[in-house]
Amino acid sequence: MTADRLDEARAELASAPDQGLARQYLHLLEGSPAALHREGGPRHLTASAVVIDAPGEHVALVWHRKGRFWVQPGGHLEPGETSFERAARREVAEEIGLSALERVGPGPAVLHRHQLDAAFGACCEHWDVQYLLRASEDAASLPLTASEESPEVRWVPWPLEADGPARSCAALPEGTVEDMPGKLEQLAPYLARYSG
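This structure is a prediction, so every number in the text was calculated from the model and none was measured.

S.K.: Just to check I follow, could you spell out the pattern of salt bridges for this structure?
M.R.: Side chains carrying opposite charge are able to pair once their charged atoms draw close together. Evaluation of the coordinates by the stated rule reveals eleven salt bridges. Close ionic contact of Arg10 with Asp7 constitutes a salt bridge, the shortest N to O distance being 2.5 Å. With Arg10 and Asp7 both in helix α1 (residues 7-14) and three residues apart, the pair spans about one turn of that helix. According to the relative accessible area criterion, Asp7 is partly exposed, its value standing at 43%. With its nearest N and O atoms 3.2 Å apart, the salt bridge here joins Glu91 to Arg90.

In structure tokens form, the structure reads like this:
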């Protein structure tokens with residue numbers, strides 16, 4: 001992959017809130033452009049989205065068949081893809097059946113690195129670029145659609161605590177990936193900041 005093909009990915013990382021971590025992501029990308037895709041080695045970049053309903057009171061989760069946990073939709077960039085946001089949107093459409101979502105904030109909301117267990121084969125570490133996307137309707141009016149990769153999907157309540165911006169993660173189902181409460185805690189003030 002040529003360096004100019006990475007311009008879109010670079011620009012998206014430049015709008016991430018944690019620029020210290022974004023520089024580490026850029027270093028990985030510059031040192032190994034193939035890390036943009038699954039075949040780029042055991043440590044590579046991925047894209048995902050925390051999807052909320054219109055009022056921001058519910059979060060969409062998928063049951064990850066391979067990992068055996070509840071998590072936000074996302075995955076690897078496909079060959080030829082160079083945009084984390086487009087990849088995240090494609091994964092959301094494939095895994096929960098939603099499209100035409102509004103991005104909250106100027107770019108990725110969270111950059112998150114996590115180790116993977118043996119169930120993930122050659123993948124041992126994902127450097128995930130995570131967006132916060134908002135649906136146009138409330139959860140009760142917007143059913144999610146399961147997929148072969150994500151056989152179970154659900155809206156989970158994410159209500160404000162007192163006057164906010166903190167939100168409760170008490171309704172997360174058993175088996176939710178362990179970093180989800182921390183991620184949602186990080187996203188609550190981000191959502192408040194960019195929701196006007």
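That was the structure; now back to the text.
S.K.: Even after reading the chapter, I still don't get α1, so can you show me in this structure?
M.R.: What sets the pattern is the α-helix's 3.6 residues per turn: residues three or four places apart point alike. Those residues of α1 not exposed but buried are Ala9, Glu12 and Leu13. The arc that holds every buried residue of α1, seen down its axis, measures 100°, which confines them to one face.

S.K.: Looking at this structure, I do not really get the packing of α1 against helix α3 (residues 84-96). What am I missing?
M.R.: Relative orientation of the contacting elements α1 and α3 amounts to 85°, with a least axis distance of 8 Å. On the basis of the axis angle, α1 is roughly perpendicular to α3. From α1, Glu8, Ala9, Glu12 and Leu13 reach across to α3, where they touch Phe84, Glu85 and Arg86. Tallied by class, the residues present in the contact of α1 with α3 amount to three nonpolar, no polar and four charged.

S.K.: Could you clarify how one ought to interpret the environment of Ser48 in this entry?
M.R.: Here Ser48 lies in strand β1 (residues 43-52). Measuring from C-alpha to C-alpha, the distance between Ser48 and Gln24 comes to 18 Å, with 24 residues separating the pair along the chain. Contact partners of Ser48, with chain neighbours within four places excluded, come to Gln72, Pro73, Gly74, Ala88, Asp128, Val129, Gln130 and Tyr131. Here Gln72 takes part through its side chain, which lies 3.0 Å from a polar atom of the side chain of Ser48. Separated by 2.6 Å, the side chains of Ser48 and Asp128 make a polar contact.

S.K.: Help me understand the pairing of strand β2 (residues 58-64), please; the structure alone is not making it clear to me.
M.R.: For a regular strand, side chains alternate in direction, first toward one face of the sheet and then toward the other. Counting buried residues along β2, five of its seven residues qualify, which places the element largely inside the surrounding structure. One ladder, built from five bridges, connects β2 with strand β8 (residues 153-157); its direction is antiparallel. Each bridged residue has a counterpart across the sheet, and for Leu61 the counterpart in β8 is Arg154. Looking at chain direction, β2 and strand β3 (residues 69-71) are connected through three bridges and run antiparallel. Across the sheet, the residue bridging to Val62 is Val71, located in β3. From the end of β2 to the start of β3, which pair antiparallel, there are four residues, and Arg68 there has a positive phi angle of about 60°.

S.K.: Looking at this structure, I do not really get the packing of aromatic side chains. What am I missing?
M.R.: For any pair of aromatic rings, the description consists of the separation of the ring centres together with the inter-plane angle of the planes. A complete count under the given rule lists three aromatic pairs for this structure. Aromatic side chains Tyr25 and Trp127 sit 5.1 Å apart centroid to centroid with 50° between the ring planes, which places their arrangement in the tilted category. Of this pair, Tyr25 sits in helix α2 (residues 19-31) while Trp127 is found in strand β7 (residues 125-134), placing the two residues 102 residues apart along the sequence. The burial state of Tyr25 is the same as that of Trp127; both residues are buried. Directly above the ring of Trp158 sits Arg167, whose terminal nitrogen or CZ lies 4.9 Å from the centroid.

S.K.: What am I meant to see in the packing of α1 against α2 here?
M.R.: Pairs of packed helices are described in terms of their axes, by the angle between the two and the distance that separates them. The geometry of α1 relative to α2 is characterised by a closest axis approach of 9 Å and an angle of 165° between their N-to-C directions. As the angle between them shows, α1 and α2 are arranged roughly antiparallel. Remark: the crossing between α1 and α2 carries right-handed chirality. On the side of α1, the interface is formed by Ala9, Arg10, Leu13 and Ala14, while α2 contributes Gln19, Ala22, Tyr25, Leu26, Leu29 and Glu30. Residues of the contact of α1 with α2, tallied by class, amount to seven nonpolar, one polar and two charged.

Calculation rules
Residues numbered from 1 in each chain as written. Predicted model: local features only at pLDDT ≥ 70, side-chain atom pairs only at ≥ 80, totals over all residues. Heavy atoms only, no water. Salt bridge = Lys/Arg side-chain N within 4 Å of Asp/Glu carboxyl O. Helix = DSSP H or I, 4+ residues; strand = E, 2+ residues; numbered from the N terminus. Buried < 20%, exposed > 50% of the residue type's maximum accessible area, 1.4 Å probe, protein only. Arc of directions from axis to C-beta. Axes fitted to C-alpha atoms, helices over the stretch in contact; angles between N-to-C directions. Parallel < 35°, antiparallel > 145°, perpendicular 65-115°, else oblique. Contact = heavy atoms within 4.5 Å. Nonpolar A, V, L, I, M, F, W, Y, C, P; charged D, E, K, R; others polar. Polar contact = N/O pair within 3.5 Å; in protein donor to acceptor, adjacent residues only side chain to side chain. Pairing = 2+ DSSP bridges. Phe/Tyr/Trp six-rings, centres within 6.5 Å; stacked < 30°, edge-to-face > 60°. Lys NZ or Arg CZ within 6 Å of the ring centre and 35° of its normal. Left-handed = near helix turned anticlockwise from the far one by under 90°.

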